[in-house]
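Analysis of the macromolecular model
So the chains spell out like this:
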Amino acid sequence: ERGGTFFATSLPDLDKVLHGGIPTATMTEIAGPAGCGKTQFSMTLSVLATLPVEDGGLGGGVVYIDTEGAFSAKRLLEIAQTRLPQQFQDDSSLKELASQVHIVSVQSCKNLMNRLQSIEEDLIQKKIKLMVLDSVASLVRKEYSNVQGGMMRRTDFLASEAALLKYIAETFSIPVIVTNQITTRYGQRAPVSSPHTPDDGDGSVEVDGEGSYLTAALGNTWSHSVNTRLILQYLAGDRRQILVAKSPVAPFTCFDFIITKKGVEQ
Ligand code: GTP
């Protein structure tokens, strides 16, 4: 389907179950509670995307849309320095890598839509092979909560945003990755198996009969627009878990991972 190419995440078990990695030309959501590693994961993928195709990368630039000021250039370099093969470690290669990751800061939903609507030229000129939106949730939560008719307007906004992101993914045949912060009634350190938690459309997580998280928040319209959904969560100690909650190819599965100098690692 649609070229059927994949972008390896460097988490071997995850890549295996996803038939090679994150699919290009579609939208992938990385959801999870605050501080669980969504930004770290996205920055790791940004480093990998700049690598040549023969080295497992996408051989191009990255547009990293940052709505929370969470991106750190210093951290990006640390991940690159600790992870990349020797031939990419000299100053000019690292400089080149950093210059290929284009940070776009947006402060409002309107700002975001304007940027997305006029981004095509940039994607071509800068040979963009990966787009990250970190995060999809913060702006809409800020702008549409506690206002009259907010939920309906939010649904409309998310529908247009999702359509635009999908259009970009398909037209340029690139993976579009969006992060989404979700909370659960059980606080930040939600266990894998917790009692049924209905999706209230705004931040809670649905749990199926088996006690596994399947549906992330922002309501059904958004949820259905996402082709692949990965949910991060805390385990005991430093360990974290990644769940493949939705995928056209993979069954529901989960793997452990950790966050280190190298970014995310199995
Ligand atoms: P929100 O944006 O708050 O929703 O969180 P997030 O899911 O994006 O979390 P993020 O990716 O920012 O992960 C934060 C966690 O990553 C921290 O609690 C640290 O454990 C870890 N982390 C962040 N920076 C570093 C770093 O430079 N080195 C290492 N080893 N770990 C880091």
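Above this text is the structure in question.
Only a predicted model underlies this, so the values are computations on that prediction, with no experimental measurement involved. (Residues numbered from 1 in each chain as written. Predicted model: local features only at pLDDT ≥ 70, side-chain atom pairs only at ≥ 80, totals over all residues. Heavy atoms only, no water.)

In the neighbourhood of the ligand, 16 residues make up the surrounding shell, with G35, G37, K38, T39 and Q40 lying closest. Take G35: an N or O atom from its main chain is 2.7 Å from an oxygen atom of the ligand. Separating an oxygen atom of the ligand from a backbone N or O atom of Q40 is a distance of 2.8 Å. The fraction of the free accessible surface of the ligand (670 Å²) that becomes covered by protein chains is 63%. Mapped onto the shell around the ligand, the elements with two or more residues apiece are α2 (38-49), α3 (73-83) and β12 (253-260). A per-element tally of the shell around the ligand places α2 first, with three residues. (Near = heavy atom within 4 Å. Polar contact = N/O pair within 3.5 Å; in protein donor to acceptor, adjacent residues only side chain to side chain. Areas by Shrake-Rupley, 256 points an atom, 1.4 Å probe, with all protein chains shown as cover. Helix = DSSP H or I, 4+ residues; strand = E, 2+ residues; numbered from the N terminus.)

This part covers the side chain of D66. Take D66: it is sitting in strand β4 (residues 61-66). We note that D66 is buried and unpaired, the nearest opposite charge coming from K142 at a distance of 10 Å. Polar contacts involving the side chain of D66 include one to the main-chain amide nitrogen of G69, which spans 3.0 Å. Within the local environment of D66, its side chain forms a polar contact with the backbone nitrogen of F71, the two atoms lying 3.1 Å apart. (Buried < 20%, exposed > 50% of the residue type's maximum accessible area, 1.4 Å probe, protein only. Lys, Arg positive; Asp, Glu negative; His and termini not counted. Salt bridge = Lys/Arg side-chain N within 4 Å of Asp/Glu carboxyl O.)

For the structure on display, the rule yields six salt bridges. We note a salt bridge from D122 to K126, for which the minimum N-O separation is 3.5 Å. The partner of R239 in a salt bridge is D256, and the shortest N-O contact between them spans 3.2 Å. Of the two residues, R239 sits in the loop between β10 (228-234) and β11 (240-246) while D256 sits in strand β12, which places them 17 residues apart along the sequence. For D256, a relative accessible area of 30% translates into the label partly exposed. A cluster of three or more residues bridged by salt bridges with shared partners is formed by R115, D122 and K126.

Below, the discussion takes up the sheet that holds strand β13 (residues 263-265). Pairing in this open sheet of nine strands is mixed, and the strands run β5-β4-β6-β7-β3-β10-β11-β12-β13 from one edge to the other. A strand with exactly one partner marks an edge of an open sheet, and here the two such strands are β5 (101-105) and β13. In this sheet, adjacent strand axes meet at a mean angle of 25 degrees when their direction is disregarded. Two strands pair when backbone bridges link them, and β12 and β13 are joined in this way by three bridges, in the antiparallel orientation. Across the sheet, the residue bridging to I258 is E265, located in β13. Packed on one face of the sheet, helix α4 (residues 91-100) meets β4 and β5 and runs near 35 degrees to β5. (Pairing = 2+ DSSP bridges. Axes fitted to C-alpha atoms, helices over the stretch in contact; angles between N-to-C directions. Contact = heavy atoms within 4.5 Å.)

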